[in-house]
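# Analysis of the macromolecular model
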Amino acid sequence: MHTRLPYGRMVAFSLGDFFGGGAFNIINFLYPGFLALAVGLPPALAGLVIFIARIFDALIDPPIGHFSDRLRVRFGTRRGSLLVSAPLIVLSLFLTFYPYSNPSLTLRFFLALFSYMFFCAVQSSTMIPYYSLVSEATENYTERARVTVLRLGFSIFASIVCVALPGVIVGLFDDNTGYIAMSLIFGVVFMLCVAATGIFAKEGIPAPTQTGRFVLRDFLRPFKVKPFRQYLAIFLCCQITMAVMSALFFFYVDFYFSRDLTAAGGTSMVGLIGAAILFGMQIVALPVYLNMIKKTNKTTAYVTGAVIWIVGALVLFVLPANANPLYLYILAAVLGFGISGPGLVPHAILPDVIDVGALQFNARDAGAFSGVSNMIIQIGQAAGIAVVMAIIGAAGFVEQSIYEGAAQVVSQPASAQHAIIVILAIAPLIFMSMGIFVCTRYRLNKDRHVQVLKALEGTPKEKEAVLESL
């Protein structure tokens, strides 16, 4: 028998990921297009903005994780960070989606860059303590899976809301001021969710008191943990693929799948409905993968979803332009069902990996592990988005001119359309195949996790034996 977490506390832990999932998808789905079609940056420069800001974000992640392990305030190690960061979310999102329209391309580039860098800093100072906090909700293997499923349910629901509604809000305005309204509305919602987690999510595993300055070995130490390296690889493969696909999704719908309607100056809800189905199916599939984890293991759940994702993406090669939207909706449902598994598993195994780190180093550095993880993921996503934006730019993608009286971009050349399709179809095959390869070698299952927890109180010889089994 084990003690089940109260449902109210699970909800408190989960609310914070409304910001994590929601902001992630506002940025990934809307920001590349916002930079190209509202700020007027060429695709290569738009990709460069994202790349530089994410690299900056990656560099500050380990120190933030280190600080998170050592912060001591009334509301707890992690929760204090959330309460401080919450109000900054509003300001940072507002600046990120401010439609800078200065005639100078250089000035627009740097204004967009510094605004996005600020948002990345706020996001990391929020999400690294948050992920560390969730890993300290409980040490029970099954309860961690339950918390993770509920948390991802909130995250995916936020994804649906934050893919569908921002575009609707922006469309209510005749000019780019819709982005300002959208950023303020969602900034306030995110702030309230993060603050609620900071106030009500009480740790089940109190973080130990730690002191000391940040040094290079604090950054390098998590890499010594073999299950962490495996976790990082499978998570990175999933996140790069998701970032690339979300960055190009609306480009694909507007400039290929519904290209005749777009070229005629019309608009449709096909993209928004497709995205909603994509994320809605991820929620529907979560209980399926949770049950799969209980009956088999987390590797099976990851591999099953990854295979479905790969096969579904390859269908894009044969899906014709201007086809019946029903085909796109069916494909979105299949992709969503597939993505749900690889999306769930890395989040479910991180707390287990942190336990291995505690066994190996005799210290629970959840913030350090989260910081390093976030850093690597940010670099991977940044590189992926920057490369694909450069590719479609080289293929002839046309950005929006910001000069008064400039014609609205309503079509793209065939070369750019083909580049978008190839990237969307091939990215899952490449990256998720690598994820499958690594995941099949991951050995930290439920039984071995029980051994890890027992060894935490054991002799050095017992600890060494368990570590060698991983």
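Coordinates for the structure precede this section.
Below you will find a few notes about this structure. Please read all numbers here as calculations on a predicted model, not as lab measurements.

## Describing the overall build of the protein
Secondary structure summary: the protein contains 16 helices and 0 strands in total. A burial count over the protein gives 59% of its 470 residues as buried. Carbon together with sulfur atoms contributes 67% to the accessible area of the protein, which is approximately 18300 Å² in total.

## Notes on empty space enclosed by the protein
By the definition in use, this model includes 4 cavities of 30 Å³ or more. Size it by volume and the largest cavity reaches roughly 640 Å³. In terms of lining residues, the largest cavity is bounded by 43 residues, among which F24, Y131, F235, Q239 and H347 are the most central. The set of elements that each furnish at least two residues to the lining of the largest cavity consists of helix 1 (7-37), helix 4 (105-135), helix 5 (141-171), helix 8 (226-257), helix 10 (270-295), helix 12 (325-361) and helix 13 (366-394). Counted by class, the lining of the largest cavity contains 21 nonpolar, 19 polar and 3 charged residues. What the second largest cavity holds in volume is close to 240 Å³. Among the elements of the structure, helix 1, helix 8, helix 10 and helix 12 are those that each provide at least two residues to the lining of the second largest cavity. Looking at the lining of the second largest cavity element by element, the count peaks at 6 residues for helix 8. Here the residues of the lining of the second largest cavity sort into 16 nonpolar, 5 polar and no charged.

## Notes on the nonpolar core
If you look at the biggest cluster of nonpolar residues, it comprises 149 residues, and the most contacted ones within it are Y31, L35, F97, F190 and Y252. For F97, the contacting residues outside a window of four places in its chain are I26, I27, L30, Y31, F34, Y179, I180, M182 and S183.

## Focus on a nonpolar patch on the surface
A cluster of nonpolar residues, L314, V315, F317, V318, V422, L429, I430 and M434, forms a patch on the protein surface that exposes about 650 Å² of accessible area. Here the nonpolar patch gets 4 residues from one element, more than from any other, and that element is helix 14 (residues 414-439). Topologically, L429 is positioned in helix 14. Residue L429 is classed as partly exposed on the basis of its relative accessible area of 34%.

## Side note on the side chain of T126
In this fold, T126 is placed in helix 4. In this structure the side chain of T126 is engaged in a polar contact, spanning 2.9 Å, whose partner is the backbone oxygen of V122. Non-local contacts of T126, meaning those with residues more than four positions away in its chain, are made with F19, L82, S85, I89 and V194.

## Here's the deal with the environment of V410
Structurally, the position occupied by V410 is in the loop between helix 13 and helix 14. Sequence separation between V410 and F255 is 155 residues; the distance between their C-alpha atoms is 7.7 Å. Each residue touching V410, except ones within four places of it in the same chain, is listed here: F255, T262 and A263.

## Concerning the packing of helix 1 against helix 8
Relative orientation of the contacting elements helix 1 and helix 8 amounts to 50 degrees, with a least axis distance of 9 Å. As the angle between them shows, helix 1 and helix 8 are arranged oblique. Handedness of the crossing formed by helix 1 with helix 8: right-handed. Contact residues: F24, N28, F29, P32, G33 and L37 in helix 1; Q239, A243, S246, A247, F249, F250, F251 and F255 in helix 8. Residues that form the contact of helix 1 with helix 8 fall into these classes: 10 nonpolar, 4 polar and no charged.

## Regarding the environment of L278
Mapped onto the fold, L278 is located in helix 10. Relative accessible area serves as the criterion here: at 11%, L278 is assigned to the buried category. Along the primary structure L278 and L335 are separated by 57 residues, whereas in three dimensions their C-alpha atoms are 6.5 Å apart. In contact with L278, other than residues within four places in its own chain, are A332, L335, G336 and I339.

## Description of the pattern of salt bridges
Counted under the stated rule, the structure contains 2 salt bridges. The partner of D17 in a salt bridge is R151, and the shortest N-O contact between them spans 2.9 Å. Taken together, the residues span a long stretch of sequence, with D17 in helix 1 and R151 in helix 5 at a distance of 134 residues. Taking relative accessible area as the criterion, R151 reaches 3% and is therefore assigned buried.

## Section: the packing of helix 10 against helix 12
Across the interface, helix 10 lies against helix 12 with an axial gap of 6 Å and an inter-helix angle of 40 degrees. Taken together, helix 10 and helix 12 sit at an angle that is classed as oblique. Two packed elements cross with a definite hand, and for helix 10 against helix 12 that hand is right-handed. Taken together, the residues that form the contact of helix 10 with helix 12 break down as 20 nonpolar, 6 polar and no charged.

Reading the values: rules and limits
Residues numbered from 1 in each chain as written. Predicted model: local features only at pLDDT ≥ 70, side-chain atom pairs only at ≥ 80, totals over all residues. Heavy atoms only, no water. Helix = DSSP H or I, 4+ residues; strand = E, 2+ residues; numbered from the N terminus. Buried < 20%, exposed > 50% of the residue type's maximum accessible area, 1.4 Å probe, protein only. Areas by Shrake-Rupley, 256 points an atom, 1.4 Å probe, with all protein chains shown as cover. 1 Å grid on protein atoms, 1.4 Å probe; cavity = no way out; pocket = protein on both sides within 12 Å on 5 of 7 lines; lining within 4 Å. Points joined across faces, edges and corners; volume = space filled by probe spheres on them. Nonpolar A, V, L, I, M, F, W, Y, C, P; charged D, E, K, R; others polar. Core = buried A, V, L, I, M, F, W, Y, C linked by side-chain atoms within 4.5 Å. Contact = heavy atoms within 4.5 Å. Patch = residues over 30% accessible without salt bridge, like charges linked within 9 Å, V, L, I, M, F, W, Y side chains within 5 Å. Salt bridge = Lys/Arg side-chain N within 4 Å of Asp/Glu carboxyl O. Polar contact = N/O pair within 3.5 Å; in protein donor to acceptor, adjacent residues only side chain to side chain. Axes fitted to C-alpha atoms, helices over the stretch in contact; angles between N-to-C directions. Parallel < 35°, antiparallel > 145°, perpendicular 65-115°, else oblique. Left-handed = near helix turned anticlockwise from the far one by under 90°.

By themselves, these observations are geometric and do not establish any function.
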